[in-house]
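Letter by letter, the chains look like this.
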Number of protein chains: 2
Amino acid sequence: MKNRTIENAWRGAERCKNCAIRHLVLFADLTHDDFDRIHHPIDDIEFKPGSRIYLQGDQMPFVYTVRSGLIKLVQHLPNGDRRIVRILSQGDLAGLENLDGQPASHEAVTMDHVRVCRIPRSIIESLKRDTPRLHDALLQRWQKALSGAENWITRLSTGNAKSRVARLLLLLDENSEDDSFFLPTREDMGAMLGITTESASKMTAEFRRNGLLRPLENHRAWIDVRELRNQFD
Amino acid sequence: MKNRTIENAWRGAERCKNCAIRHLVLFADLTHDDFDRIHHPIDDIEFKPGSRIYLQGDQMPFVYTVRSGLIKLVQHLPNGDRRIVRILSQGDLAGLENLDGQPASHEAVTMDHVRVCRIPRSIIESLKRDTPRLHDALLQRWQKALSGAENWITRLSTGNAKSRVARLLLLLDENSEDDSFFLPTREDMGAMLGITTESASKMTAEFRRNGLLRPLENHRAWIDVRELRNQFD
DNA sequence: ACACCGCATTGAAAATATTCAATAGTGGTT
DNA sequence: AACCACTATTGAATATTTTCAATGCGGTGT
């Protein structure tokens, strides 16, 4: 049990009602009655950086709401190449694609310290039957996932290495609530952008030398948003 | 009216019940009662190659079920670059993303001769309220769209130009019912793969010289699936 | 048949990205 | 503080891709 820890597990949905980020999560619009229909436990789980939440091919009995941290979705090609196809952050749902019992088409790995709520699929199933409010919340998640994936294609997989890195930094910055953001390893940046680790490193280093990127403590960083947008939108 | 023709419009949902490809479309599982709830007209429309069905930024009052042909979804970057983010074929739904009234995040353009059924959004809205069967059909469409987009990233935007072209040809071939398939212009291939028109052309020409690709009449082509898969999965 | 237009192909030079290998940081551990 | 493991950076040689320009090819309309 090297990577994964359950630090703070608790039972039932009682605390969902008072969840600090409830306005952001799947259950945002549920009523008190809806919550009372939840009989299976929802666990609050923490993962260390680099933990695998689920694997490509897994049958998933759970979905996960991201409370904090970043999760990368990694798809493996038969030839061994890997590509990060999307990043999940606060309020996103991991495992959405597998709600209908399909095996996962990618694996989910934490990039930094991550807290999630683990929701049994059966809860979603039964709520889906009874509450249209959940339907809309799920549809919104699908919508966001799809437009995220399309953005990934146009913004992060198009143009030369420098623009790609620039657009990735801008995306990471937008997704952060803070005015700093988590800066992935160069290897992960490469896998997100479809370029090599070294190329990601060269571009990142160049931005740093130009003062457009400032690394901070703890794998976090700051960027000159205005200037980066100016040069690369 | 250069690009768009309505050759064969008809009213109401009567003919949906007997549609030849109904098993493939959104309305596959509707009952007779469900159909009787449809009061707005569903039109059968044909488009010439290169017709714009909707534009990036449009508010869409319709969704479109593809009956035959291929539709490209094109996203424009602020800097003028464009990228094709997905292709729709028989049974797919164009405009899914915009069911909730959001402006379209990409434009939809026909690649060859295309027949669609144009469904007013209001029909979907009202059916959604009453029939859970439609819900599942919609969810399946979302699922397919998302996994399509992720595949696009890993298979078509990763690796060198030659593998990308090979994987695109394989994808086009799989999506075709025929044993031949529609071969896009080199420009479109480039926009799908994030490479230049010339690179797409060079790779395509090389495959032709190697006998792995045989162009046929009418922009269609045949590939040596086994050999291409062997070399590029 | 002819000219014409748009798309495809090709080649050579220039730009960009990858590879491989060495060096430098960085954080964590003893 | 010294050490270790891991990641980042950098440089030089190589490979790939883009760019730009020329040429070929196929169908359309006259």
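Residues numbered from 1 in each chain as written. Chains lettered and ligands numbered in written order. Predicted model: local features only at pLDDT ≥ 70, side-chain atom pairs only at ≥ 80, totals over all residues. Heavy atoms only, no water.

Trainee: Looking at this structure, I do not really get the relation of the copies chain A and chain B. What am I missing?
Mentor: The relation between the two copies of this chain is a rotation about an axis and a shift parallel to it. With an RMSD of 0.0 Å, the operation that places chain A on chain B is a rotation of 180° combined with a shift of 0.0 Å along the axis. Each copy turns onto its partner about a two-fold axis. Considering only C-alpha atoms, the part of chain A nearest the rotation axis is Leu146 of chain A, at 2.7 Å. In this assembly, 100% of the residues forming the interface of chain A have copies in chain B that are likewise at the interface, indicating an isologous arrangement. (Least-squares fit on C-alpha atoms with pLDDT ≥ 70 in both. Contact = heavy atoms within 4.5 Å.)

Trainee: How do you make sense of the protein's contact with DNA strand D when you look at a structure like this?
Mentor: The environment of DNA strand D is formed by 15 residues, the closest being Arg186, Ser201 and Arg209 of chain A together with Ala161 and Ser199 of chain B. In the model, a base nitrogen of DNA strand D is placed 3.1 Å from a nitrogen or oxygen of the Lys202 of chain A side chain. With respect to DNA strand D, the backbone of Ala161 of chain B contributes an N or O atom lying 2.6 Å from a phosphate oxygen. Elements with a contribution of two residues or more to the surface near DNA strand D: helix H6 (197-209) of chain A together with helix H6 (197-209) of chain B. Looking at the surface near DNA strand D element by element, the count peaks at 6 residues for H6 of chain A. (Near = heavy atom within 4 Å. Polar contact = N/O pair within 3.5 Å; in protein donor to acceptor, adjacent residues only side chain to side chain. Helix = DSSP H or I, 4+ residues; strand = E, 2+ residues; numbered from the N terminus.)

Trainee: Hey, could you run me through the interface of chain A and chain B in this one?
Mentor: Interface size is commonly expressed as the accessible surface area that is lost when the partners come together. Across the contact, 33 residues belong to chain A and 33 residues belong to chain B. Here chain A and chain B share an interface that buries about 3200 Å² over both sides, 60% of which is from carbon and sulfur atoms. The residue Arg86 of chain B makes a salt bridge to Glu150 of chain A at a minimum N-O spacing of 2.8 Å. Those elements that place two or more of their residues in the side of chain A that touches chain B are strand S5 (71-76), strand S6 (82-88) and helix H3 (132-156) of chain A. (Buried area = accessible area lost by both parts, 1.4 Å probe. Salt bridge = Lys/Arg side-chain N within 4 Å of Asp/Glu carboxyl O.)

The analysis is restricted to geometry; functional conclusions fall outside its scope.
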